[in-house]
Amino acid sequence: MEQKTVSFGFSKIKKNKSLGISKISEGEVEKNEEAEFVTEVDENFAKSTKPKAKEFVIPLIKENKWRVNASGNQIEDSAVQELVEDARKFQEAEQGKGQTDMGLNIPLLMQNKIPEGFETDDKLDVGLRPDEPEENDYEEIPIDQFGLAMLRGMGWQEGQGIGKNNKAVAPVNAVLRPKGLGLGADRSQAAQLNDSKKGSGKNDNEEALVLKKGAYCVLLKGANKDMYGIIEGLDEDNARVMVKLTLGGNMVTQSQYAIRLVDSHDYKKYSKYLNKVKADKYKEEEERKKEKDRKRERHHKSKRDKHRDEDSDHDSKHYEEDNRQPSSDSRKRKHDRLDDYADKHKSSQNGNSRSEPLWIKPQIRVRIISKDYKKGRYYNTKVNVIDVLSLDNCVCQTDDGKVLEEISQSELETVIPKQENAHVLIVSGKQKGQLARIMKKDKSRYIATLQLLRDRDEVINIDFDKICEYSGNIDEEYDY
Amino acid sequence: MTGQEEIETSNEMLQERTRKLGSKIKELIILPIYANLPSDMQAKIFEPTPPGARKVILATNIAETSLTIDGISYVIDPGFCKQNSYNARTGMESLVVTPISKASANQRAGRAGRVSAGKCFRLYTAWAYKNELEDNTIPEIQRTNLGNVVLLLKSLGINDLIHFDFMDPPPHETLVLALEQLYALGALNNRGELTKLGRRMAEFPVDPMMSKMILASEQYQCAKEILSITAMLSVNNSIFYRPKDKVVHADTARQNFFRPGGDHMTLLNIYEQWEETDYSTQWCFENFIQHRSMKRARDVRDQLEGLLERVEIEVSSKPGDTIALRKAITAGFFYHTARLSKGGNYRTVKHQQTVMVHPNSSLFEDRPRWLIYHELVFTTKEFMRQVIEIENSWLLEVAPHYYKSKELEDGSGKKMPKNTGKTREDVTRNY
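Within an unreviewed UniProt entry, the label attached to chain B reads RNA helicase, and the organism entered is Mytilus edulis. Under the UniProt heading Catalytic activity (unreviewed entry), the entry covering chain B gives this text: "ATP + H2O = ADP + phosphate + H(+)".

If you check an unreviewed UniProt entry, chain A appears there as gpkow from Mytilus edulis. According to UniProt, the comment filed for chain A under the heading Sequence similarities (unreviewed entry) is "Belongs to the MOS2 family." Within the UniProt record for chain A, the comment given under Subcellular location (unreviewed entry) is "Nucleus".

Is there a simple way to think about the overall build of chain A in this case?
Within chain A, the regular secondary structure consists of 12 helices and 15 strands. Looking at chain A as a whole, 37% of its 480 residues are labelled buried. When the accessible area of chain A is evaluated, it comes to approximately 29,900 Å², of which 47% is carbon and sulfur surface.

Honestly, the confidence of the model for chain B in this entry has me stumped. Any pointers?
Interpreting fine coordinate detail is not advised for predicted regions of low pLDDT. Residues and elements named next belong to chain B. With 95% of its residues at a pLDDT of 70 or more, chain B has an overall mean of 87. For chain B, helix α17 (residues 424–428) is the element with the lowest average pLDDT, namely 57, and helix α12 (residues 263–276) is the one with the highest, namely 94. Scored below 50 in pLDDT, residues 413–419 makes 9 contacts in the model with residues more than four places away or belonging to other chains. Across the predicted assembly, pTM comes out at 0.62 and ipTM at 0.80.

Please explain the side chain of Thr266 of chain B as it appears in this structure.
All names here are of chain B. By the secondary structure assignment, Thr266 is in helix α12. At 3.4 Å, the side chain of Thr266 forms a polar contact with the backbone nitrogen of Arg259. Setting aside anything within four residues of it in sequence, one finds Thr266 in contact with Phe257, Phe258, Arg259 and Ser362.

Explain the pattern of salt bridges to me, please; I cannot follow it from the model alone.
Opposite charge on two side chains makes pairing possible when the charged atoms of those side chains draw close. For the coordinates displayed, the defined rule picks out 20 salt bridges over all chains. A salt bridge links Asp251 of chain B to Arg242 of chain B; its shortest N-O distance comes to 2.8 Å. Judged by relative accessible area, which is 17%, Asp251 of chain B ranks as buried. On the accessibility criterion, Arg242 of chain B (42% relative accessible area) is partly exposed. Measuring nitrogen to oxygen at the nearest pair gives 2.8 Å for the salt bridge that ties Glu305 of chain B to Arg301 of chain B. Separated by 4 residues within a single helix, Glu305 of chain B and Arg301 of chain B lie in helix α14 (residues 291–310), roughly one turn from each other. Here the salt bridges do not stand alone but share partners, grouping Arg365, Asp399 and Glu469 of chain A into one network.

Rules behind the numbers
- Residues numbered from 1 in each chain as written.
- Chains lettered and ligands numbered in written order.
- Predicted model: local features only at pLDDT ≥ 70, side-chain atom pairs only at ≥ 80, totals over all residues.
- Heavy atoms only, no water.
- UniProt positions renumbered as here; feature names shortened; annotations may be inferred.
- Helix = DSSP H or I, 4+ residues; strand = E, 2+ residues; numbered from the N terminus.
- Buried < 20%, exposed > 50% of the residue type's maximum accessible area, 1.4 Å probe, protein only.
- Areas by Shrake-Rupley, 256 points an atom, 1.4 Å probe, with all protein chains shown as cover.
- pLDDT = per-residue confidence, 0-100.
- Contact = heavy atoms within 4.5 Å.
- Polar contact = N/O pair within 3.5 Å; in protein donor to acceptor, adjacent residues only side chain to side chain.
- Salt bridge = Lys/Arg side-chain N within 4 Å of Asp/Glu carboxyl O.

Okay, structure coming up:
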């Protein structure tokens, strides 16, 4: 509790009335507020073993102390000083605190008026002023403590602002904007790119990826997206690079934020791909499928279903083969495309953190159920889905050919075909992504009986919500 | 646009494009305007446009408020400007391209159609305007060095800086640094009183470090030279004219002015040569020097000379004694020291911040062990602009309170990068 009184002493020093004679008070004020002393006992112990750095306080000079030699007429000066003194005393008596409003009645520039005859327009006599500090003065108050000590003397506390309305202002810190980065651009993305440019040399086996002439890169944006190339030149001023494309050999210029550097290994492997992204995706799907099959295998084994077991075993072998030559057979296995679709959407669904599963797919017919979309103009209209970019951005086409963009899945509803024998796509559940023909509809129970097109022996009953009218050409998928 | 560089590039592109189009379009007059452009070329933008022709003016934010051109109908606003800011922790100034404020954007838009209907094209989206632009530009007092301001307040007898009614209060860090610098320079004593030196320094309308340098020249008897250097430093960024089509000539001209010791000596050399030609405009033109800036330097110098008389310092001269000159500079700028580190980079002595010599400096290739810089500017990197080489022992001589001899260990015995760093003989040699 003793320290508590010490910290109070600090504010009293400020009110010191011994004018002019300003002694340096090294009020060893503990930095912590009183509240901290009570709560954080441990810290207090730590302090006792290791004394804290002194907090210097230089009391505010309320009135300059003139070093006037005993000469000349000082009657006028002393008269001014007396007036000032009186006014101040009066004010202090009245207000009791006399802190901020000290100079209310005295014009600011009169508070420390220079005595007549010194520092005039004609002659600058600095005799009134003290001498420069000596070396031991600097030892008394180190330079790096001086500024804060002065502010404390003026009544400033950590976290407070300057000025009458006491508004704290943070110092401006200049941040270098990445070159060529426009307004509204995503800064974090550019930073990421910069990071990847700098810090990829961690692994010794990997080549350091440096943005320089002759480096390999892949374009991320623009007409030549996903093309590989060699950097032929750098335009540092505009943050652009000139890239010679591997395929076709054209020179293109591109913003350096729209390329990704690759090492020579990757470059050799992929640079001849026409479309690497598709190939990658394909590979990923294969991987996924393999895993799924394995799971299924295990599942069936536990069910002791021997026939299926053999089948899937065979399947997985087949997939393994595929994996060895991922690019060559992308065309061969066209009949599997629907499955791919399903998986693809599953993967995009995984990437999406939102809970709503993605059921919407191209080439199905859906109904817009949102009254908000385009002010409800298309409310209750059936449209064909053309492309699905994300959960809340798909492109649809109305029957009269109008293309609608940026429709969210939540604004859409499945459509059950009116006529018998129509084709539907299963949009959720175990058979997701499969095409089927409707054999029977039970409108009272909302259940449809379907024949799967892939495996015509299989007939299932399914909820209306899980199927949707298929608008694509069935003959294209299954020639029969 | 943000500066000379961008303006010159777009100027070239526009010229090229119009040349290709030939007679397909009507005459297009393309005129740049920026602060560093010679005044006769600046004046061209005010010439009336001939009938049938169009005038394109490529401008920095000089055209935002400082000047008004009649008959502008369209404004294209890229949304950026170069902004000066001051880091109160390191004392480093930065000149960085930043998005403009909404207030600036509106001011720019207002430049179109002053006398008739006009349009403004903003090269950013409404979203960026709403979300990325600040409402107002940060007031300069919050991003500048306050050394001079604090000294002035002190000399006016205003001691309570905390309760001074600033219109826009500065961050307290800036005040702390300003006070500490004034203390270190000896303008304030350990009680916070303004000293004799401080009062004399307050007479000069320059940065406290500069005024200390001027007052220190009394001791080294080189006030005449120091005055010229100060005047040149106060206009230093606009002395050389470097047109894009004559870069090589301009650079050679500049390099011909180089003098050993550092950039301050070079500036002094330019001023003295110009003085010898009786302040000739022709001489400036031949040497790719901006006459306008030199004239301003001369005005500043005249003013400083008057003030020197007021603080009762004799205008003495020591021609050729660069050591005295450099010691006087050191006395003012001992805060701004950098040393060559073992890695071959420069680091500031107090903050251990990596900095580089500006490529335009005469010491860019010399790499002396100890340097004093006039200012630290963050553009693409942290550059020291206007540097001189010094000897570490001078620091102990002029600022024993600021430097401990331990900090100034030369490392002469230690390994230095090959062919870098200079020996004591090199530095103290009188050129």
